[in-house]
Every structure is written in C-alpha cells, then in structure tokens.
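Below are the chains, spelled out letter by letter.
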Amino acid sequence: MKKNLLTRVIIIAIVTLLGLTAIFWPGRMPTRNDFTAAGVNNILRQNINLGLDLRGGSHLVMQVQVQDYLRRVTENVYNGVQQAARDLGFDIKEARPEISGDTYRVVVVANDTSRIQEMREQLPRRVNDFDPSAWTSSVSGNTVTWELTDAAKTALGNRATEDALKIIDTRVNALGVTEPTIQAHGSTNSHQILLQMPGIDDPERIKSLLKSESRLELMKVVGASSPAGITTYPTEEAARASLGGTVPPNRRVLPYDERDEPTAAGTTRQPGQASSWVVVESPAVIDGSELRTAEAVTGNPAGGDDAYQINFTLKPAGAQKFGAWTAANINAYMAVVLNDRVKSAPYIRQQITDSGQISGNFTKDSANDLALTLRSGALPAKIVYLEERTVGPSLGADSIRAGVTASLAGLVLIVLTMIVYYRWSGINAVVALLLNTMLTLAALIVFDAVLTLPGIAGIILGIGMAVDSNVLIFERIREELQTGKTVPSAIDAGFDRAFVTIIDTHVTTIVSSLFLFVFGTGPIRGFAVTLVLGLLANLFTAVYVSRTIFIWEMSRKLSRHGRVETLSI
Amino acid sequence: MFQILQNVNVDWLRHRKVFILVSVAIMLGGLASALARQLTPGGTEAFNLGIDFKGGTVVTAEFKERPAPEAIRDALLAKGVSEVIIQPVTDKPGEVLIRLPQMETTETVAQQGETQVDIGRKTVAEGLKTLTGGVQVEANQPFPGEGNGFKITGTEAVGAVAGAALRNQAVAVTLLALVGILLYIGFRFEWTYGAAAVIAVFHDVLATLALFSIFQIEVNLTVVAALLTLVGFSVNDTIVIFDRVRENLRLHRRSNLYDLTNESVNQTMSRTIITSGLVFLSVLALVLFGGPVLRSFSLALFIGVIFGVYSTIAIASPIMVWWQQRLEAGRAQAPTAGSRGGGGQRQRPASGAKASAAAR
C-alpha cells in the first residue's frame, strides 16, 4: 500500500510540475521581473495563444470570383481565334464568345462548311496559352464550338484560388501585419480564403488593398504620332466610330483618366468617370508579370499631396522587348493602363529600356498601396468579402475580463458547495478540480490551441462537468458506507462502480464536442477544444488523483489510530 | 453525513402523463409562437436569428457622449438604412450596438465590387459622423477634448451566402451529433435505451429553441455551440440513470422494469441534484459575469440545463420503460410471463450485462 502510494504521489507531482512549467515558463531564462504580478501577466499573455475575439483583430473571409477568371480565359481564346482566322485567311461570318451561367464557349460561324474541319484544327493552335485538353470542340453545320470542360473549369478555378492566396499572402506580409493567418477556407469548390490579422482594428485600408487587382499593361496609343498630343475621343461611341463601328480584336477602347487641371473650365468629373477615351493596340506590349520592382516616389519635389507617382523597372526579358518596341515607336504615345483604365499616356521621345513611370492623382498612401500591389502581382480574379469580424482592443480586453470573472465566480461557487456538502472529502474534490483547471490550461498551451471567449466558457463548463465525476464517486461511497461496508472497501467500491458511468458520460460529451470542432470556426472551435481537454484532464484528476488522496488519508489514519472507522464525506 | 435527500421514494413514472403533457405544451407553444410570428404581416420573425445565420452587420460603436437611440436611428435612416436595431449597452455608458440587416447593393457601389460586408459598416460610419459633426476617432486613440466623437470598436459582417451556409451546417451538425449519441448508447446499452435518450435530448433542444422563439432571444453561432453542449450534458444525466437501471436489473432479477426504474431514479436523485446544481451554478456565473457577447450562449445553457434534468426523468425514463415493456410483451410467451412474483415481466438487457461484466 505504501509503495503504491509513493508511486502515485510521484506521478502526480511530475504531472503537476510539467503542467506548471508549461503555463509559466517564459521561454527564456527567468528574470526578477517575471515574479511580479505584471510579469506573470505578461508571461501568460505570451504563452497562451489568444483568439482574435480576446486579443483584438480582424477576421476576413473572402471569395475568389473564379467565374471572372474563366471569362477572361474564354475571351482570350475568342480574341485569339478571331485573329487567327484573319491571319490564316479563313473567311468567317462571325465569331463570338458565349458565356452564360456555368458554360464557357467560343463559337465560330463560317460562311460554308468547306473548310470547317481545317478551322477546327488550326484556329486554336495559334491562340496564346491554348490548352487543348481543357476544351472540347464540336462541329455542327457551319459552326465550330469550343467549350471549356468541367475538369478544366475545376482545375482552373482551383489554380486561380491558389494563386490568389499566394498573392494575398505576399501583400499581407508586405504590410507588416504580425502573425497573420491565411489559408483556404471551406470546401474546395467554394474558393474561399480566410484571413486573420491580430491587432488590426481598422481593416478598411487593408481590405481595399487586398482587393485591388493591379493589372498593369503598357500599350500603344492609336492615332496621330506628333508631339502635339494624343488622339482622344469625348465618348466611347465616338472612339468606336473611328474604328468603323465595331472593335476589331487587335484594338481596345479604354477610358482615360486625365489629370484634373485646376485651370480647366467645365465641370469637375466624378472619380470613376473618364474625361475622354482612347484607342489602343492590343495585346499589350508589356504586362504586370514582367515587372521587377515598383516604388512610390515624389514626382515633384515642391509638389503637394497628390504629386506622388510610381517608378517601375522591368525584368531582363521584358526590358529587351520594351526596348525594341520603344525604339521602333519613337514619336508615338504609350498608354499606361491600370485595371483597364489609361492612367497616363507619355510621349516616347527615345528608346526606353527597362523603366517607366505611372503618374496620376496619387497621394502618398495610394501610391504606396499601388506599388505594393504591383510588386505582389496581379490577382487572377476579383475578390469579394463574404464575412468580416473585427474586434477592437478594448472590446477584446473587456471580453477577457468578463471571462476571467465568470470563471473565478463559478469556481468559487463550486468550491464552497463541495466543501459544505462533502466536508473533508470536499477538499479532496477541490484539489482535483484545481489541478484539472491547471492541466487544461497547460494542455491548451502545449498544443498551441487558440483560447477564445467561448473557450473560457468551455473551461468553466468543464469544471462543472468535472465536478460531476467527483459527485458520482462520493455519492457511491456514501451509499456503500450506508450498506455497512468498511471505509476502505466502500472507497474502492465507489471508485470502481462509478468508473463505468464516468467513462460513458465523458465519451458522449466528447463525441458532441467533436462535431462542434468539425463544424465550427474560430471561437466555436475554441470552445470544443477546451471542453475536450478539460474532460480528458478530468479522467486523470477525478479518478487517479482523488483516489490517491483517499489512499493517503487512509494510510495516515491507519498509522495514527491503527484502524479507519469513519470518513468525512 | 450531511445529506439533503435521504431515502427518496417517489413514484416518478406515475406522473409521466403529466410530464409528457407539459413537454408537448411547451413545444406546441414554441411552434405556435414561431408560426404566429412568421405569418403575421409586419410581425417579427419566428426566430431572432443573429447575423451569423441571416447575414447582416453588427457594429459596436463607442461615443464620447452617447446620443439617444432615436437620434442614431434617424441619422441612419437619412443614409438609407431603414431596418436598424439600436441596442445601448447597459454597463458601458458610451457604447451602443447597431444591427443592420442585409442591405441592397446600389449601382454605383456594385461598380466598385463591394458587397454587403463593406456597405454596412461604411454606411453606419457615415451616419454616425453626422451626429458627431464628422468626428470619427481611430479605435486605439483617445477622444478629442472638445465636442463629441465616436469610434468603431468592433464589426461583424456576414454576407447572405455565408449566413445561409452556416445555418445549414448548424442543423446538419446537430442532427449528426444526435445520431452519434444514439449509436454510442445503443452500443453500450440497448437500442431502446439509445432511442429513449435521443428523444429526450431532441426534446431538450426543441424546448430550448421554443423558449428562444417565444422570448425572441437571439440565435447565433454560440447558441448552436450551447445546444450541442446541452446535448452532451443531457445525455450524461440520462446515462447515469440508465447505468443504475442496468445494475439494478442484474441485482434484482425479480422486480419489474417500472419499479426498478423508479428505484434507480430515486437512488441517484441526490447525485442528480448536486451535479445539476453545480453545473447550474457555473452557468449562472456565466450569465451574470460573462458579458454581452456570451449572453445568448449562457441563456441557452441556463434553460437547457433545467430541461436536461427534467427530460431525463420525465421523458427518457418513461419512454425507455414503455418501449422495453412493449418489446418484452412481444417476445414473452404467455404461460411463464405472469407466474413470478410481482406480476411483471423479466427483463434482461443482454448488452448491458456484457458491458458491466467488462467493468468489473
């Protein structure tokens, strides 16, 4: 008996020590300050992985608009096919993209069926980035139709989401957010991304920055090549009219955001409305993927707030292409196009090789943000925010205070009740309970689980349920004593008989918590985790530790009185 | 020993009809309330669904000097927000919760690709600015010395798609949890015990939801968490009694199930009272001190714990007894049935005996 007791005490002591270390060890050599109340507070804050609802921060769920990406892919094929028909001399009546719902098609209508099979085979070959395995082609009469396969749609959608995730990762890190969490969210088909940013309480700027598409293209402006100015059109229709009514595939009509001249007469235009329209050559000479760097600089040293601009440089391959092109197009105008809007149209005076500028009405912040998004790469598709939860720091601190107060209040009530009702055995239960709480906290830290406000509620509930185990055992012991058993055998019987019930009740609660864990996000998961950890710790404390205390009590009474007659329960 | 209940000997099962009537009444009341609310034009919804399920925005704003709710409502109305709920926070004089339902996207806003999530918070900020003369302070900055100002200290915005998805998930998970429990108890005892336990737990969840509907307490994600916890707790209670029944069946082979179940309930009554009391106390601590964020959660648990205990005695036990007896009546042969003392039937839960043999 004595040896048994010693082993038990040693095991419990080791576990307790490990638990305390996990909670209070600051991760470095302890200093004097660590022993003050403030020091302990700091260590706890450091060790415990607080959730956003306690620490303060922003939780965003965004969705990648994969259909935009697929639409662009389809339009790229459409443009390519149209151009290829022209180049190869096929006489076609009409070519058009057909995008509706979930179908993406490119349709070519020929004048007759004579060369239809040729068209079907040859046209796609000349399209950039055409992946034959992604499209099925079919011929019906004098119409060839290419349709995007389901497998391709899924694959492209997933790739778009992955690319978007990487770009958002780059952007968030470039912003200097501490310890962000960025990961895929929900099922793969939902194309959702979860972003958690601790410490950020005003995510508006970050949200616009993350959403920004930042597609940069450099294109040649169509029109007169003279230093006098570029050819602009007052409306979109006028621009299109200059091309003969419809826009051919090698041209695009884009709005031009001219800088507001303070001396210009007339109305100030709305942001978003173009002052004029230009026609540019398509495809672009250079696009954002060939950017090496982008930086915001002050354009005019004496300039005011909106005198910022972006200086960018190109990678070697792009620089070569750009150099050749500018050399061949001196005296023309180059359109700097951002997200399908012409920001500026500088005059090409001489060959430019590897650098350029984007100027517009940029403030310091907007210039920096744009430079950042250009550096990170363009998003493959639009991002839309589905969910946002932001907790400011004061709200977080309030929640911590509420949670801790409720925990302590609950603990005090339970302790008092147990002592009053079960007397010295009540103290046995209290010791087990305190150990349980401590071990739950330690387990949380060791597994680096996140503690949320519902998580604190989970600890409180765990205490309530843990005490149930003690009550089951004690009530059983009382019953056995009443039937006339001796104290030691009553204690044994109590533990043995109650054990089965304790296992059953713990398993069922753990089962329902597992469902909670699988289903829930963030705070709810935190609740499930703390509850399960508390119950597992309880199996150790309520059974092993409580019994050890009883054994110790028995051996003490035996050595003092030689027998055990009564039990304070 | 200090014992509050000694030798309890109540015939619980005798009142089972009353119990079932009470339960049915509560659930009918809940159903009636839900339907009435849903169907009356201009009335409230069946459930006060939080934004987690309905979509919408909740903005927590802190004012230096909080204006009256009507002023806030008018200011927001001027910005085009009609159905807004203003909730001044009672224990913090400057704070107010502003709830907006799903907002329609207008053309210009849609051009910039914003969705509900962005509109709600922006509109609220615009509206509140008109009340403070345009002064909005960053969340971690102090208020200006003169004049009023406000900060947005917290935002929760859920788009309609996410809301509907969460709602479906919540229902699915609750049903799955019930199935899981049915399987486990069916395995440890007999399937009739499992079925009785699940019916009791299902009743608890529905009754809690019924009260939530009648009193229009907000149902959000944390309430679902509370309901799932309640499932675990209620089953615990039921298991303790079923365990005792199983043990008594082994010890007293002659008694009938009806008497045995009553006896089991009485024997475990003091444990039930103490445990439920203690869980109740910890939930009470949550209700009183847990703060507004956990309010719905704590209330759900509070109601649920009460129902949990009630359902074990009033629902699970009678159903189990009735079902077992029906089964045995179907299986037993006529001559040997009534010849033993007590006039009842012999019950032998095979899996129960197996399980308790394993425990020895």
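For clarity, every value in this text was computed on a predicted model and none was experimentally measured.

So, how was this worked out
Residues numbered from 1 in each chain as written. Chains lettered and ligands numbered in written order. Predicted model: local features only at pLDDT ≥ 70, side-chain atom pairs only at ≥ 80, totals over all residues. Helix = DSSP H or I, 4+ residues; strand = E, 2+ residues; numbered from the N terminus. Contact = placed C-beta atoms within 7 Å. Rg over C-alpha atoms; globule rule 2.2 N^0.38 Å. Buried ≥ 20, exposed ≤ 12 C-beta atoms within 10 Å, placed from the backbone. Nonpolar A, V, L, I, M, F, W, Y, C, P; charged D, E, K, R; others polar. Pairing = 2+ DSSP bridges. Expected span 1.5 Å × (residues − 1). Core = buried A, V, L, I, M, F, W, Y, C linked by C-beta atoms within 7 Å. Axes fitted to C-alpha atoms, helices over the stretch in contact; angles between N-to-C directions. Parallel < 35°, antiparallel > 145°, perpendicular 65-115°, else oblique. Left-handed = near helix turned anticlockwise from the far one by under 90°. Domains from an automatic or database assignment. pLDDT = per-residue confidence, 0-100.

Right, let's get into the overall build of chain B. Scanning chain B from N- to C-terminus turns up 12 helices and 7 strands. For chain B, contacts bridging at least 24 residues in sequence account for 73% of all contacts bridging at least 6.

The secondary structure content of chain A amounts to 14 helices and 19 strands. Radius of gyration (C-alpha) of chain A: 36 Å, far over the 25 Å computed for a compact globule of 569 residues. Taken along its principal axes, the extent of the C-alpha atoms in chain A is 115 × 65 × 40 Å. Across the 569 residues that make up chain A, the buried fraction comes to 42%.

Let's shift gears to the interface of chain A and chain B. On the chain B side, the residues contacting the 60 residues of chain A number 57 residues. When contributions to the side of chain A that touches chain B are tallied by element, the ones reaching two or more residues are β18 (383–391), α11 (393–446), α12 (453–482), α13 (487–519) and α14 (522–561) of chain A. Of the residues assigned to the side of chain A that touches chain B, the class counts are 33 nonpolar, 15 polar and 12 charged. As paired elements, β18(A) and strand β6 (residues 150–158) of chain B share 5 bridges and run antiparallel to each other. Counted as the bridge partner of Glu388(A) is Ala157(B) from β6(B).

Attention now moves to the environment of Phe215(B). Residue and element names in this part refer to chain B. Here Phe-215 shows up in the loop between α7 (191–214) and β7 (218–219). Its 11 C-beta neighbours within 10 Å are what place Phe-215 among the exposed residues. It is 34 Å that separates the C-alpha atoms of Phe-215 and Thr-130, two residues lying 85 residues apart in sequence.

We now examine helix α4 (residues 66–88) of chain A. In this model, α4(A) (23 residues) spans 33 Å end to end at C-alpha, consistent with the 33 Å of a helix rising 1.5 Å per residue. Gly89(A) sits one or two residues past α4(A) and shows a positive phi near 80 degrees.

Further remarks concern the nonpolar core. The biggest cluster of nonpolar side chains holds 198 residues, and the ones touching the most others in it are Ile181(B), Ala197(B) and Val231(B). At 17 residues, helix α8 (residues 221–251) of chain B tops the list of elements feeding residues into this core. Core analysis: the second largest hydrophobic core is formed by 38 residues, Phe312(A), Ala332(A), Val342(A) and Leu370(A) among them.

A pair of packed helices is characterised by two quantities: the angle between their axes and the separation of those axes. Residues and elements named next belong to chain B. Running from amino to carboxyl end, α8 crosses helix α10 (residues 295–331) at an angle of 30 degrees, the nearest separation of the two axes being 8 Å. Taken together, the axes of α8 and α10 lie roughly parallel to each other. Every pair of crossing elements has a handedness; the one defined by α8 and α10 is right-handed. For the pair formed by α8 and α10, the contact residues are Thr-222, Val-223, Ala-225, Ala-226, Leu-227, Thr-229, Leu-230, Phe-233, Ser-234, Asp-237, Thr-238 and Ile-241 on the first element and Ser-296, Phe-297, Ala-300, Leu-301, Gly-304, Val-305, Gly-308, Val-309, Ser-311, Thr-312, Ala-316 and Ser-317 on the second. A class-by-class count of the residues in the contact of α8 with α10 yields 13 nonpolar, 10 polar and 1 charged.

Right, let's get into the domain arrangement of chain A. Structurally, chain A comprises domain 1 (2–54 + 392–561), domain 2 (66–154) and domain 3 (217–260 + 274–353). When each unit is reduced to the centre of its C-alpha atoms, the spacing between domain 1 of chain A and domain 3 of chain A is 68 Å.

Along the chain, the position of Ala328(A) falls in helix α9 (residues 316–328). Along the backbone, Ala328(A) and Gln350(A) are 22 residues apart, and their C-alpha atoms lie at a distance of 9.5 Å.

In many analyses, interface size is given as the accessible surface area lost on bringing the parts together. Entries for chain B in the domain assignment read domain 1 (12–37 + 162–333 + 347–353) and domain 2 (56–158). Spacing between the C-alpha centres of domain 1 of chain B and domain 2 of chain B amounts to 42 Å.

To continue, consider the pairing of strand β15 (residues 334–338) of chain A. In summary, the side chains of a regular strand alternate between the two faces of the sheet. Residue and element names in this part refer to chain A. Of all 5 residues in β15, 5 are buried, a share of seventy percent or more. Side chains of β15 alternate between two faces, with Met-334, Val-336 and Leu-338 and Ala-335 and Val-337 buried alike. Relative to β15, strand β9 (residues 216–220) runs antiparallel, the two sharing 5 bridges. In the strand pairing of β15, Glu-217 is matched with Val-337. In this structure, β15 lies alongside strand β16 (residues 341–344), joined through 3 bridges in antiparallel fashion. Paired with Val-337 across the two strands is Val-342, which belongs to β16.

A separate point is the sheet that holds strand β3 (residues 92–100) of chain A. Residue and element names in this part refer to chain A. With respect to topology, 4 strands assemble into an open sheet ordered β3-β4-β6-β5, the strand pairing being antiparallel. The sheet is open, and its two edges are formed by β3 and β5 (135–140), each paired on a single side. Here the strands of the sheet are splayed against their neighbours by 15 degrees on average, with no regard to which way each runs. When strand β4 (residues 103–110) meets strand β6 (residues 143–148), the two strands line up antiparallel, connected through 5 bridges. By the bridge assignment for β6, Val-108 is matched with Val-144. Lying on the sheet, α4 is in contact with β3, β4 and β6; it crosses β3 at an angle near 175 degrees.

With that settled, the discussion passes to the packing of α12(A) against α13(A). Residues and elements named next belong to chain A. Put simply, α12 and α13 touch, their axes get as near as 8 Å, and they point 150 degrees apart. Considered as vectors, α12 and α13 are oriented roughly antiparallel to each other. Every pair of crossing elements has a handedness; the one defined by α12 and α13 is right-handed. In this structure, α12 uses Met-465, Ser-469, Leu-472, Ile-473, Arg-476, Ile-477, Glu-480 and Leu-481 to contact α13, whose residues at the interface are Ala-490, Ile-491, Ala-493, Gly-494, Phe-495, Arg-497, Ala-498, Thr-501, Ile-502 and Thr-509. When its residues are assigned to classes, the contact of α12 with α13 shows 11 nonpolar, 4 polar and 3 charged.

Per-chain confidence: chain A averages 82 in pLDDT, with 93% of residues scoring 70 or above. In the model, residues 260–270 of chain A has pLDDT below 50 throughout and makes 3 contacts with residues more than four positions away in sequence or in other chains.

Mapped onto the secondary structure, Val293(B) falls in the loop between α9 (257–289) and α10. Its 22 C-beta neighbours within 10 Å are what place Val293(B) among the buried residues. Taking the C-alpha atoms as reference points, Val293(B) and Phe280(B), 13 residues apart in sequence, are found 19 Å from one another. The residues contacting Val293(B), other than those within four sequence positions of it, are Ser399(A) and Leu453(A).

Further remarks concern unusual backbone geometry. Residues and elements named next belong to chain A. In this model, His-191 sits at a positive phi of 50 degrees, which is unusual for a non-glycine residue. Residue position: His-191 is located in the loop between β7 (181–185) and β8 (192–198). Of the residues examined, His-191 has 25 C-beta atoms within 10 Å and is grouped as buried.

Residues and elements named next belong to chain B. Mean pLDDT for chain B: 76, with 82% of residues reaching 70 or above. The lowest-confidence element of chain B is helix α4 (residues 107–111), averaging 39 in pLDDT; the highest-confidence one is α7, averaging 86. In the model, residues 106–113 has pLDDT below 50 throughout and makes 6 contacts with residues more than four positions away in sequence or in other chains. Contacts for the low-pLDDT stretch residues 334–360, under 50 throughout, to residues beyond four places or in other chains number 37 contacts. The ipTM assigned to the predicted complex is 0.74, against a pTM of 0.73.

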